[in-house]
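This is what each chain is made of:
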Amino acid sequence: MNQYLIVCRSVTQAQRAGRLLTSAGITNRVFRSPVGLTERGCSYSVKVRESSFWRALALLRQEGIHPVKAVRMEGGVYAEVPLV
Amino acid sequence: MIYFDAAATSFQKPRAVREAVYRAMTTMSSPGRGNYASAAMAADTLFQCRLELGELFGVENPEQIVFTSNATHALNIAIHSLVRPGGRVVISGYEHNAVTRPLHAIDGLSIHVVNTPLFDQEAMVRGFQNLITKGTDAVICTHVSNVFGYILPIASIAAVCRSWGVPLIIDASQSAGSLPIDQRLLQADFIAMPGHKGLYGPQGTGVLLCGREGLPLLYGGTGSNSRDQAMPDFLPDRMEAGTHNVPGIAGLLAGVRFVRAMGPAAIRRHGYTLKERLLSALEGDAGYRVFGSHDYDKQAAVVSLLPRDGGSEELCQQLSDRGIALRGGYHCAPYAHQTAGTIETGTARFSVSAFNRLSEVDTLLRHLKSLQK
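Only a predicted model underlies this, so the values are computations on that prediction, with no experimental measurement involved.

(A) Broad picture of the overall build of chain B. Tallying secondary structure elements over chain B gives twelve helices and twelve strands in all. Against the compact-globule benchmark of 21 Å for 373 residues, chain B has a radius of gyration of 21 Å, which places it among compact chains. The principal-axis extents of the C-alpha atoms in chain B amount to approximately 70 × 50 × 30 Å. If you take every contact in chain B between residues at least 6 apart in sequence, the share linking residues at least 24 apart comes to 68%.

(B) Spotlight on the pairing of strand S7 (residues 190-194) of chain B. Residue and element names in this part refer to chain B. Burial runs high along S7: five of the five residues are buried. Examined bridge by bridge, strand S6 (residues 168-171) and S7 share three bridges and lie parallel to one another. Counterpart to aspartate 171 in the pairing with S7 is alanine 192. Here S7 pairs with strand S8 (residues 206-210) via five bridges, running antiparallel. Each residue of the ladder has a partner; that of isoleucine 191, found in S8, is leucine 209.

(C) Structural detail: the interface of chain A and chain B. If you look at the interface, chain A gives 13 residues, while chain B gives 18 residues. For the side of chain A that touches chain B, the secondary-structure elements that each account for two or more residues are helix H1 (11-23) and strand S2 (28-32) of chain A. Of the residues forming the side of chain A that touches chain B, the biggest block, five residues, is contributed by H1 of chain A. Residues of the side of chain A that touches chain B, tallied by class, amount to three nonpolar, six polar and four charged.

(D) Quick peek at unusual backbone geometry. Residues and elements named next belong to chain B. A cis amide bond links leucine 235 to the next residue, proline 236, at an omega of 0°. Looking at the element boundaries, proline 236 is found in the loop between S8 and helix H8 (246-262). Positive phi, normally seen in glycine, also occurs at glutamine 187, with a value near 50°. Its place among the elements puts glutamine 187 in the loop between helix H7 (183-186) and S7. Overall, glutamine 187 belongs to the partly exposed group, with 14 C-beta atoms counted inside 10 Å.

(E) The arrangement of the sheet that holds strand S4 (residues 69-74) of chain A in detail. Residue and element names in this part refer to chain A. Pairing is antiparallel across the open sheet formed by five strands, whose spatial order is S2-S3-S1-S4-S5. Of all the strands in the sheet, the pair left with one neighbour each is S2 and strand S5 (77-81). For this sheet, the mean angle separating the axes of adjacent strands, direction not counted, is 30°. The pairing of strand S1 (residues 3-8) with S4 spans five bridges and is antiparallel. Across the sheet, residue valine 7 finds its bridge partner in S4, namely lysine 69. H1 contacts S1, S2 and strand S3 (44-49) of the sheet and is inclined by roughly 25° relative to S3.

(F) Molecular detail of the domain arrangement of chain B. All names here are of chain B. Per the domain assignment, the segments of chain B are domain 1 (2-10 + 263-371) and domain 2 (15-262). For domain 1 versus domain 2, the separation of C-alpha centres amounts to 26 Å. Listing elements by their share of the side of domain 1 that touches domain 2, those giving two or more residues are helix H9 (264-283), strand S10 (302-307) and helix H11 (334-340). Residue composition of the side of domain 1 that touches domain 2, grouped by class: 16 nonpolar, eleven polar and four charged.

(G) Focus on the packing of helix H3 (residues 71-82) of chain B against helix H4 (residues 97-104) of chain B. All names here are of chain B. Look at H3 against H4: their axes get within 9 Å of each other, and the N-to-C directions meet at 40°. Judged by the angle between their axes, H3 and H4 are oblique. Considering how the two elements wind past one another, H3 and H4 form a crossing that is right-handed. Side by side, H3 and H4 meet where Ala71, Thr72, Leu75, Asn76 and Ile79 of the first sit next to Ala98, Val99, Pro102 and Leu103 of the second. Classifying every residue of the contact of H3 with H4 by side-chain character gives seven nonpolar, two polar and no charged.

Analysis parameters
- Residues numbered from 1 in each chain as written.
- Chains lettered and ligands numbered in written order.
- Predicted model: local features only at pLDDT ≥ 70, side-chain atom pairs only at ≥ 80, totals over all residues.
- Helix = DSSP H or I, 4+ residues; strand = E, 2+ residues; numbered from the N terminus.
- Rg over C-alpha atoms; globule rule 2.2 N^0.38 Å.
- Contact = placed C-beta atoms within 7 Å.
- Buried ≥ 20, exposed ≤ 12 C-beta atoms within 10 Å, placed from the backbone.
- Pairing = 2+ DSSP bridges.
- Nonpolar A, V, L, I, M, F, W, Y, C, P; charged D, E, K, R; others polar.
- Axes fitted to C-alpha atoms, helices over the stretch in contact; angles between N-to-C directions.
- Domains from an automatic or database assignment.
- Parallel < 35°, antiparallel > 145°, perpendicular 65-115°, else oblique.
- Left-handed = near helix turned anticlockwise from the far one by under 90°.

So, in structure tokens, the structure goes:
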């Protein structure tokens, strides 16, 4: 199953996102982003299932949480998902 | 020892604070530095503390809560963010050196002091109205005088600032944990507070509530944007360079929970009861000059007093010899003494926490009376 990583600017933002998604019943996990996901270096991501991704993104935006980017993880390969 | 120096630091802490510090020291490493369990526990603790501070002080976004070493550190960040060389600021005249020394270190700064009598809140508001002008860099105002317990009308002062579009920095060192502070209502640009006084956390903890972005005072690692040599442009990382005081913040979280469980209003009422006992007993005493107001909304649980014959430090030494801790001298607030007319003498300061009892005040009163004989 594909996973989506919602890349956040800081551990605090990622934790905030994770708590929000949990309270909305969306299973997620906060962890350090793999190196190379952002050009600026270390960041934190929130991992969600493919089926939850767009709902999660909408919820986060509704609460003013704007991720740095999002990527789809498929077979160990990351592909950026346009956030429009 | 009977401890009446909570305005400096609340010495008696809830047991949960000590336990949280110990637990953090034995189970937590650095937040934001790894996926392993000890780093995650540290990160969770910091985040939970931000959340609960936010609930206590009306800050909805935990990213706007910055951990500092103390209130002085927090105030320095706020002042550094808003006040420029050659600029103009307005202060109440009851500020601590944590405010006035950073201001005096800024070249060419014009510092305007409202300077109105103790406990006259209306005159204070009028004073700010008269001194604030368009282009004022910032108003920096203490919420409660650390010397006299004078509660400044901060909501009215905040309204004046908003009407002029002038940024406001509040020093909540003596009010956080006992007086209502709601960032949503005050809309202050920054509110600085210590963790180790009315929030009952360990020394070495402080908090800056940010109503806006600011400038970093320290530069260094944040666990974010590591390839970038500029500090992150987002809170809280922008203001939190270096390793956090994780045990301290874990203790602070326990302290905040203690305050929330007891209730700031109940803590304030308790302080008022003790303060009133002292004030009422000393008002008619020819041996002491006491600075107080019986108005619940004008004085917090901090009272200055002065022996009619003798110095404040000497009095505190005599009390210390009898096992009672009060602080004498200037309390790092010469502006406040200048404003109140006690700059030549200083004062002896009585201040209480949730752990003090009426019987302790009675003991102090007995010693104060006996020292007059």
